[in-house]
Amino acid sequence: MPLKLIRGDITKLECDAIVNAANSTLLGGGGVDGAIHRAAGRGLLNECRKLGGCKTGEAKLTKGYRLPCRFVIHTVGPVWRGGDNGEEDLLRSCYRNSLSLAADNGCESVAFPLISSGVYGYPKDRALRVATDEIVRFLSGSEMLVYIVIFDKKSFDIGEKLFGDIEAFIDDSYASDAYSYTLERRRAPVMMDICLEEAAEEDEKIDRRNKKLYQAAAPSFAGASADKLSASVKKEKRAPKNTLEDELNNLDESFSEMLLRKIDEKGMTDVECYKRANVDRKLFSKIRSDRLYRPSKTTAIAFVIALELPLEEAKNMLMKAGYALSRSNKFDIIIEYFIVNANYDIFEINEALFKFDQNLLGV
Ligand code: APR
């Protein structure tokens, strides 16, 4: 999963580089800047002193010192002044410059805080959208692993409207699930009676037909009574149509076969599909080369989303990997919400999953 949203303290992350939301002096401050300087120790400040500051939107690299990462990339985000003063462009260039600096220094993994979304006042959900956008764009041409580190839940806001819609959908699903469950239970005995009645009628019909058959062909069934005959025909009637051989010949296409077929049908390339699914190349080639490969549920769903499959096709594809979208767990209900609303933006889905404390898509 090339882009991961995680919750935690960026100073604890063991990756090649962490990004610091600094100020233009690069001499430390509060928030994540203060946390990074405290954890790195004086060596970081001494190196920063030699850098001569940093302009908003630009980025500079130092060593990591006592931090568990090799490098710290210091970037200065814009102060939010209402959104009409070029803040978004400046914030985008923070991510672009930090990512290219990481790549130029051979980093295979880099972690970002939500730049400017603290002291500098950039609205959280917009800050996250910019971060996700720029990182996904960069990842279309890179194999780097990128983390967005959310320090605390409240700094993670997917927008009240979307959050409210999903909550209502979850409640409805639980309710309808509970309703259908009680309905089934209430109807069960009745259904059972109906089933028994229908089965009895069915048997009556078979018996009547067999008796007629029997009378017409009586001489060749010497000794076989009508009852025995109808019993064997009944058994025959209910016997599975396919023999074992048929079953093996009709083996359904596998998950990976359906995935590759759908990629072709959609006119996508393999790369487009696994990038959109936020799945890394190695995992995709495993799925591609082994027709019976069984991906994890989140990976299977990530491909369903990348292919933008409607609900029924999505369920069919998941079934081929041995999964179903259950209506009794939040993760599945949130996925169903986005599919039903034809919203296949995997990062928006991950933001929602993150907000509801669920696993993220793609792994
Ligand atoms: N790990 C990860 N994220 C963190 C951590 C941490 N240890 N501490 C804070 N954050 C998050 C905040 O919750 C916020 O979402 O980092 C994001 C950025 O917030 P700030 O650190 O306030 O940075 P910013 O909004 O860019 O303001 C920069 O604040 O600290 C000063 O010197 C800094 O003047 C500069 C200004």
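Student: Help me understand the packing of helix H11 (residues 297–306) against helix H13 (residues 330–340) in this model?
Tutor: Between two packed helices, both the angle of their axes relative to each other and the distance between the axes serve to describe the pair. One can describe the packing of H11 onto H13 by two numbers: an axis separation of 12 Å at closest approach and a directional angle of 5°. Between H11 and H13, the crossing angle belongs to the class labelled roughly parallel. Each of Lys297, Thr298, Ile301, Val304 and Ile305 in H11 lies in contact with H13, whose residues at this interface are Phe331, Asp332, Ile335 and Ile339. Tallied by class, the residues present in the contact of H11 with H13 amount to six nonpolar, one polar and two charged.

Student: For this particular structure, what's the right way to read the environment of Tyr65?
Tutor: Position of Tyr65 relative to the elements: it lies in the loop between strand E3 (59–63) and strand E4 (71–76). Along the sequence, Tyr65 and His37 sit 28 residues apart, while their C-alpha atoms lie 9.8 Å from each other. Non-local contacts of Tyr65, meaning those with residues more than four positions away in its chain, are made with Ala40, Gly43, Leu44 and Glu47. Polar side-chain contacts of Tyr65 include one of 2.5 Å to the side chain of Glu47.

Student: Would you mind going over the sheet that holds strand E1 (residues 3–7) with me for this structure?
Tutor: Hydrogen bonding along the main chain pairs the strands of a sheet, whether they run parallel or antiparallel. One open sheet holds the six strands; their spatial order is E1-E6-E5-E2-E4-E3, and the pairing between them is mixed. Two strands bound the open sheet, and with one partner strand each, they are E1 and E3. If you compare each strand with its neighbour and ignore which way they point, the axes differ by 25° on average. Of the strand pairs in this sheet, E3 and E4 are connected by five bridges, and their pairing is antiparallel. Counted as the bridge partner of Lys63 is Phe71 from E4. The sheet strands contacting helix H1 (residues 31–40) are strand E2 (17–22) and E4, and the helix crosses E2 at an angle near 130°.

Conventions used here
What you see as residue numbers is a count from 1 along each chain, following the sequence as written. Reporting of local features is limited, given that this is a predicted model, to residues whose pLDDT is at least 70; pairs of side-chain atoms are given and counted only at 80 or more, and all residues count toward the totals for whole chains, interfaces and linings. In computing side-chain properties, one takes all heavy atoms of the structure into account and sets aside hydrogens as well as water. Between the N-to-C directions of two axes lies an angle of 0 to 180 degrees, each axis being a line fitted to C-alpha atoms and, for a helix, fitted only over the stretch in contact. Comment: elements are numbered from the N terminus, with helices defined as DSSP H or I runs of at least four residues and strands as E runs of at least two. By the definition adopted for this analysis, an angle is roughly parallel if under 35 degrees, roughly antiparallel if over 145, roughly perpendicular if from 65 to 115, and oblique otherwise. When checking whether two residues touch, look at their non-hydrogen atoms; a contact exists if any pair is within 4.5 Å. Three classes are used: nonpolar for Ala, Val, Leu, Ile, Met, Phe, Trp, Tyr, Cys and Pro, charged for Asp, Glu, Lys and Arg, and polar for all others, with Gly counted as polar. Each polar contact in these results corresponds to two N or O atoms within 3.5 Å; when the atoms are within protein, one needs to be able to donate a hydrogen and the other to accept it, and residues that are neighboring in sequence are counted only if both atoms are side-chain atoms. Each pair of strands is called paired provided DSSP finds at least two bridges between the two strands.

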